[in-house]
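Overview (structure and organization)
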Amino acid sequence: MTNQDAPLVKEARAVYQIAGEQAFGRCERLAGFMGLKRRKNLSALALADLVADGLPVASADHLDRLLSFSGVLSHVGGRPIHAIVSEPTLRRSRKKKQALSCQASERIYNMARVLEALSHVFRDDQASSLAFLERPHVLLAGRRPFEVACSSTAGANAVIELLEQAEASFAI
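All values derive from a computational prediction rather than experimental measurement. (Residues numbered from 1 in each chain as written. Predicted model: local features only at pLDDT ≥ 70, side-chain atom pairs only at ≥ 80, totals over all residues. Heavy atoms only, no water.)

1. Quick look at the environment of Ala154
In this fold, Ala154 is placed in helix α9 (residues 153-167). What makes Ala154 exposed here is its relative accessible area of 55%. C-alpha of Ala154 to C-alpha of Asn110: the two residues are 44 residues apart in sequence and 9.5 Å apart in space. (Helix = DSSP H or I, 4+ residues; strand = E, 2+ residues; numbered from the N terminus. Buried < 20%, exposed > 50% of the residue type's maximum accessible area, 1.4 Å probe, protein only.)

Written as structure tokens, this is what we have:
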């Protein structure tokens, strides 16, 4: 980690800790993982509308900082966010100063759901959460939870279900 990266890591840690606080509802925690500013009293419908209308590129950048926190996650294409939203898509949205598409926003939302579930199981321990995402898991046919979660909504649901089983005291 360089000195230039230090403020980003502090921001990611702060939002990760805020996102796990019980004072916030689930929608506020999800918004926190996506780096959305206005989170207080966010309803499920308002969050659905934000995702449908397209999240700002800053949400992808924020999620990338959270996923890159410890350098644990790796992705063949470079940054972890590129496994979720392609680099050309992000570049186009940045260049045109447009919100992300509904599809790209859905993928970010799905990863936020996974991170929110991880925050419960690992008691807001970000390093352990990210390590879990990186390690191949026998109940996912030896695939990495990060890879499965990025593959589709069903993949994200499979990882969340695995984490819910862990919360219910089943071995993961």
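2. Details of the nonpolar core
Of all hydrophobic cores here, the largest spans 46 residues; its most connected members are Leu67, Ile84, Ile108, Met111 and Val114. Of all the elements in the fold, those that place two or more residues in this core are α2 (26-33), α3 (44-53), α4 (57-67), α6 (102-121), α7 (126-134), α8 (145-151) and α9. Residue contacts for Ile108: discarding those within four places in its chain leaves Met34, Leu55, Ala60, Leu63, Ile84, Val85 and Leu100. (Core = buried A, V, L, I, M, F, W, Y, C linked by side-chain atoms within 4.5 Å. Contact = heavy atoms within 4.5 Å.)

3. Details of α6
Residues separated by three or four positions in an α-helix point in the same direction, a consequence of the helix having 3.6 residues per turn. A rise of 1.5 Å per residue sets the reference length of α6, with its 20 residues, at 28 Å; its end C-alpha atoms lie 29 Å apart and thus fit the reference within 8%. Taking burial as the measure, the 20 residues of α6 include 14 buried ones, the bulk of the element. Arg123 sits one or two residues past α6 and shows a positive phi near 50°. (Expected span 1.5 Å × (residues − 1).)

4. Concerning the pattern of salt bridges
By the definition in use, this model includes seven salt bridges. For the salt bridge of Arg94 with Asp61, the shortest nitrogen-to-oxygen distance reads 2.2 Å. Note that Arg94 is positioned in helix α5 (residues 87-96) and Asp61 in helix α4, a separation of 33 residues in sequence. On the accessibility criterion, Arg94 (41% relative accessible area) is partly exposed. Relative accessible area serves as the criterion here: at 25%, Asp61 is assigned to the partly exposed category. Where Asp64 meets Arg79, a salt bridge forms, and the shortest distance between an N and an O atom there is 2.5 Å. With Asp64 in helix α4 and Arg79 in the loop between α4 and α5, this residue pair connects regions lying 15 residues apart in the sequence. (Salt bridge = Lys/Arg side-chain N within 4 Å of Asp/Glu carboxyl O.)

5. Side note on the side chain of Ser119
Examined against the element boundaries, Ser119 turns out to sit in helix α6. The buried category is assigned to Ser119, whose relative accessible area is 5%. In this structure the side chain of Ser119 is engaged in a polar contact, spanning 2.7 Å, whose partner is the backbone oxygen of Glu116. (Polar contact = N/O pair within 3.5 Å; in protein donor to acceptor, adjacent residues only side chain to side chain.)

6. Overview of the packing of α4 against α6
Here α4 crosses α6 at 35°, and the two axes come no closer than 11 Å. Crossing of α4 over α6 shows left-handed handedness. Contact residues: Ala60, Leu63, Leu66 and Leu67 in α4; Ile108, Met111 and Leu115 in α6. Here the contact of α4 with α6 is built from residues that sort into seven nonpolar, no polar and no charged. (Axes fitted to C-alpha atoms, helices over the stretch in contact; angles between N-to-C directions. Left-handed = near helix turned anticlockwise from the far one by under 90°. Nonpolar A, V, L, I, M, F, W, Y, C, P; charged D, E, K, R; others polar.)

7. Considerations on the packing of aromatic side chains
Centre-to-centre distance and the angle between the planes together describe a pair of aromatic rings. For the coordinates displayed, the defined rule picks out one aromatic pair. Aromatic pair Phe122 and Phe132: ring centres 5.7 Å apart, planes at 45°, arrangement tilted. Here Phe122 is found in the loop between α6 and α7, whereas its partner Phe132 is found in helix α7, with 10 residues between them in sequence. (Phe/Tyr/Trp six-rings, centres within 6.5 Å; stacked < 30°, edge-to-face > 60°.)

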